[in-house]
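This is what each chain is made of:
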Amino acid sequence: MNDRPSAPEGLLLIQDLVNTRDIEDGTDTLDSAAGRRAFGLAAADVPAAKALREALRAACLAHAGHGSAHALDVLLADVALRVSVGADGAASVAARGGDLRARVAESVARASLDGTWLRLKACEAETCQWAYYDRSPAGRRRWCSMSVCGARNKMRNYRARHA
């Protein structure tokens, strides 16, 4: 299911991190050296990265109307960010430090500033929960892919009505 369109560049790190765990087939790319290398992680960093990933998934589910983003707030609470305001009045934000948590915190802050953060969602299908960027005009998309997860849901509902 990797044929889905990517999130905007500022949210791509988060989308890629959430999607390292494929719930449907049980694979986790953070368990491989190549998967860790993509995020600049050592093997010892994996437990913290997985906790961060699941907090991000919970936030993406909350953006779709399911649950709470509280765990992410707790994990990012002590990350230092520097906010600066340019001569034109535009604000910018930069993380102090280059570890994964700092890069994620910077991405969340920037996406919050530009209004894209709430459009990064997780598929509501329990067997999927893949992170996707909601490009629909109303911002109400529910599934990562209408042709896969959306179709499965519609078929389940149809069968339940006609059983």
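The shown structure was predicted, so the numbers you read here are calculated from the model rather than taken from an experiment.

### Observations concerning helix α1 (residues 9–18)
In step 1: Within the sequence span of α1, burial applies to Leu 11, Ile 14, Gln 15, Leu 17 and Val 18. Looking straight down α1, one finds that the buried residues subtend no more than 165 degrees of arc, so they occupy a single side.
In step 2: Against the buried residues of α1 lie β1 (21–22), α3 (46–63), α5 (100–114), β5 (120–122) and β6 (131–133).

### A closer look at the side chain of Asp 28
In step 1: Position of Asp 28 among the secondary structure elements: in strand β2 (residues 27–28).
In step 2: Residue class for Asp 28 comes out buried when judged on its relative accessible area of 15%.
In step 3: A polar atom in the side chain of Asp 28 sits 2.9 Å from the backbone nitrogen of Leu 30.
In step 4: A polar contact is formed between the side chain of Asp 28 and the side chain of Arg 53, at a distance of 2.9 Å.
In step 5: Look past the residues within four positions of Asp 28 in its chain and what remains in contact with it is Thr 20, Arg 21, Lys 50 and Arg 53.

### Quick notes on the environment of Arg 21
In step 1: In this fold, Arg 21 is placed in strand β1.
In step 2: Of the residues examined, Arg 21 reaches a relative accessible area of 30% and is grouped as partly exposed.
In step 3: Each C-alpha atom, one on Arg 21 and one on Ala 42, is 17 Å from the other, the two residues being 21 residues apart in sequence.
In step 4: For Arg 21, the contacting residues outside a window of four places in its chain are Thr 27, Asp 28, Arg 53, Glu 54, Arg 57 and Trp 130.
In step 5: Within polar-contact distance, the side chain of Arg 21 engages the side chain of Glu 54 at 3.1 Å.

### With respect to the pattern of salt bridges
In step 1: One pass over the full model with this rule turns up ten salt bridges.
In step 2: For Glu 54, the salt bridge identified is with Arg 57, shortest N-O distance 3.0 Å. Highlighted residues: Glu 54 and Arg 57, both in helix α3, separated by three residues, approximately one helical turn.
In step 3: Here Arg 57 falls in the buried class, since its relative accessible area comes to 2%.
In step 4: Measuring nitrogen to oxygen at the nearest pair gives 2.8 Å for the salt bridge that ties Asp 134 to Lys 121. Taken together, the residues span a long stretch of sequence, with Asp 134 in the loop between β6 and α6 (146–161) and Lys 121 in strand β5 at a distance of 13 residues.
In step 5: Taking relative accessible area as the criterion, Lys 121 reaches 4% and is therefore assigned buried.
In step 6: It is possible to trace a salt-bridge network through shared partners that takes in Arg 21, Asp 28, Asp 31, Lys 50, Arg 53, Glu 54 and Arg 57.

Analysis parameters
- Residues numbered from 1 in each chain as written.
- Predicted model: local features only at pLDDT ≥ 70, side-chain atom pairs only at ≥ 80, totals over all residues.
- Heavy atoms only, no water.
- Buried < 20%, exposed > 50% of the residue type's maximum accessible area, 1.4 Å probe, protein only.
- Helix = DSSP H or I, 4+ residues; strand = E, 2+ residues; numbered from the N terminus.
- Arc of directions from axis to C-beta.
- Contact = heavy atoms within 4.5 Å.
- Polar contact = N/O pair within 3.5 Å; in protein donor to acceptor, adjacent residues only side chain to side chain.
- Salt bridge = Lys/Arg side-chain N within 4 Å of Asp/Glu carboxyl O.

Structural measurements only, silent on function.
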